[in-house]
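Chain and residue survey
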Amino acid sequence: MGNSHSDDILLLQEFRNPATKEKAFTAILKKYQEKLYWHIRRLVVQHEDANDVLQNVCIKVWNGLENFREDSQLYTWLYRIATNESLTYLEQLKRKSSVSIDNEESPVAAKLQAEKDFDANKAEWKLQMAIQQLPEKQRLVFNLRYYDEMPYEEMSKVLDTSEGALKASYHHAVKKIEDFILNH
Amino acid sequence: MKQALDIVAELKEISALVAGIEKNNLFSVPEGYFSEFPEKILKHIYNNGIYSSAKEEIEILSPFLASLKHNQPFSLPDNYFDNLKSQISTEEETLTPVRSISSKSKWIKYAVAAAITGFIGISAIFFINNNFTKNHSGVAAAQNNKHTDDDFNKISDDALEGYLSGMPEKSASIDSVETTFYDVAVLDLDDKRLSNILHEIPDEDLIVYAQDPSLDISL
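A few points on the structure. Within every chain, residues take consecutive numbers counted from 1 along the sequence as written. Each chain gets a letter, beginning with A, and each ligand a number, beginning with 1, in the order they are written. In view of the model being predicted, local features appear only for residues whose pLDDT reaches at least 70, and side-chain atom pairs are presented and counted only at 80 or more, with totals across whole chains, interfaces and linings using the full set of residues. Heavy atoms from the whole structure form the basis of all side-chain values; hydrogens and water molecules are not counted.

1. Looking at the nonpolar core
Which entries qualify depends on this criterion: We call a set of buried residues a nonpolar core when its members are Ala, Val, Leu, Ile, Met, Phe, Trp, Tyr or Cys and they connect through side-chain atoms within 4.5 Å of each other. To sort residues, take the accessible area from a 1.4 Å probe on protein chains only and compare it with the maximum for the residue type: under 20% means buried, over 50% means exposed, and anything in between is partly exposed. Note on definitions: a residue-residue contact is assigned when non-hydrogen atoms from the two residues lie within 4.5 Å.
Core analysis: the biggest nonpolar cluster contains 75 residues, and Phe 25, Leu 127 and Phe 142 of chain A have the highest contact counts within it. For Phe 25 of chain A, the contacting residues outside a window of four places in its chain are Phe 15, Cys 58, Val 61 and Trp 62 of chain A together with Ile 41, Leu 42 and Ile 45 of chain B.

What follows is the structure in C-alpha cells.
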C-alpha cells in the first residue's frame, strides 16, 4: 500500500480543486470500489443490499472527502465507512426480521441459502455458512484478514481495536469455523 | 506478497482444515456493474442535490449568485478589526466591578424573611380566631336575649303579678335561708343533743318564737 498512499494524496488534492473534483472522485471510486463492494457483500450477502450500502458509502465519501484529514490513509478511512454502513444495514435488517417472523436463523444466513448456486455440501459454501454464525466482530476480523489480507496494524485503525485483541479474535473465529465445518 | 504468505502460514498454524479450503468467489455480480458504477453514483449525487459543501451547492445552483458572494456591499471603518481588541480591553477596564453577594449572607436574609413572614402569619391566625369567637358569642347572646324577650312577651301581666306577689323579699329570704343552712351545717347536731339544748330554753321564749309570722313552722 506504500506507493498507493502517495497516489491517494494526489487524488485528494485534485478532489479539493473544483475543476478536477469529479475526475478525482471517479479515480478514487475506480481504485477502491471493488474492494469496498466485496467487503460489504461478504457481510450483507445479497447484491442489491451491497449495492445500496455501497451507494451510501460513496455519498458519505463525496460529502466528507473535502474535510478528510490525512492523519490516516484514505484506504483505512474508506473501509471504516464501509464497515459502519454495513453494520448499520445489518442492525436494521435484524430489527425488521425480529418484528416480522420468529426465525431462529440469522436473516443473512437465510439470504445466503437463497443465493443462486448455493450448495450446502460444498466446503466453500460451508465456509460462508460458518462465517455467518460468527459474532459480528469476529466476522469482520476474519473477513478482513482472510479475504482482504489486511495487516493487523491497518485493521486496528479500521475497527478501532488493539492488534492483540484482533489476533485473538481471528484465532477464535478460525477455530469456530473449523468446528462448524466438521460438525455440519 | 510476503504479507499474503504470512497470512496463509498463520491460518495453517491455527487450522489446516480452513487453510485448505479454496478461496473461490461464490457470489456473482451483474455484468458491467463496476465499470458503470462511478458514472451512476455521480449522476445520483447531482440528481439528488447532494453537495459536498455550501460553496459547491451555490456554484451548481446559480453561478451568478456564486460570483456575487464575494462582492461585499457594506463598508467598515478603517482598521476596524485591528482596533477591535484594544477597544474591548479599554471597555473592560472602565466597567464597574460586579459586587458579588456571598452565599452565607444570602441565607441569613432568607431566614430573617421567613421568620418575619411566619410571625405575621401566626398573629393573623390568632387575631382572626379571637374575632370569630367574640362575634360568635355576641351573636349567641343576642339570640338568647331575643328568645327571653319573646318568652316574656307571651306571659300575661296578671300571671307575672301573681308570681311576683308570692315571692319573699330578696334580701331577707336569701340571707335567712343561707344563714339557716349554714348554722345547721356547722352545728351538725343529733336529736339527743338538740333536745338537751331545747330543754335549756324557757317555754315562754319558744311560744313567742313559734308565733312569729315571718317563720314557716311547718318546715
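2. Some words on the interface of chain A and chain B
Worth spelling out the cut-off: We define buried area as the total accessible area lost by two parts upon association, computed with a 1.4 Å probe and summed across both. Salt bridge criterion: a side-chain nitrogen from Lys or Arg within 4 Å of a carboxyl oxygen from Asp or Glu. For the purposes of these results, a polar contact is taken to be a pair of N or O atoms within 3.5 Å, where, inside protein, one atom must be able to donate a hydrogen and its partner to accept one; residues adjacent in sequence count only when each atom of the pair is a side-chain atom. A run of DSSP states H or I qualifies as a helix once it reaches four residues; a run of E qualifies as a strand once it reaches two. Both are numbered from the N-terminal end.
On the side of chain B, 34 residues touch chain A, which itself brings 44 residues to the contact. Broken down residue by residue, the surface that chain A buries against chain B is led by Trp 62, Glu 124 and Tyr 146 of chain A, which jointly contribute 16%. If you look at where chain A meets chain B, you find 2 salt bridges. Between Lys 23 of chain B and Glu 149 of chain A there is a salt bridge; the shortest N-O distance is 3.4 Å. Taken together, the connections running from chain A to chain B amount to 12 residue pairs in polar contact (both at pLDDT 80 or more). Broken down by secondary-structure element, the contributors of at least two residues to the side of chain A that touches chain B are helix H2 (21-44), helix H3 (47-64), helix H6 (123-133), helix H7 (136-146) and helix H9 (163-183) of chain A.

3. Thoughts on the packing of aromatic side chains
Heads up, the condition is: Stacked, edge-to-face and tilted are the three classes for Phe, Tyr and Trp ring pairs, Trp counted by its six-membered ring, which pair at centre distances within 6.5 Å; planes under 30 degrees apart are stacked, over 60 edge-to-face, the rest tilted.
This structure, assessed with the given rule, holds 19 aromatic pairs over all chains. Judged by centre distance (6.2 Å) and plane angle (45°), the rings of Phe 15 of chain A and Phe 25 of chain A are tilted. Of the two residues, Phe 15 of chain A is situated in helix H1 (residues 2-16) and Phe 25 of chain A in helix H2; the sequence distance between them amounts to 10 residues. Where Tyr 37 of chain A meets Tyr 33 of chain B, the ring centres are 5.3 Å apart and the plane angle is 55°; that geometry is what we call tilted. Taken as a pair, Tyr 37 of chain A in helix H2 and Tyr 33 of chain B in helix H3 (residues 33-47) lie in two separate chains rather than in one. For Tyr 37 of chain A, a relative accessible area of 0% gives the class buried. A relative accessible area of 10% means that Tyr 33 of chain B is categorised as buried.

4. Observations regarding H2 of chain A
Residues and elements named next belong to chain A. Rules: A residue's bend is the angle separating two fitted axes: one through the seven residues that end there, the other through the seven that start there.
At Tyr 32, H2 shows its largest bend, some 50°. Most of H2 sits inside the fold, with 17 of its 24 residues counted as buried. Trailing H2 by a residue or two, Val 45 shows a phi angle of about 75°, which is positive.

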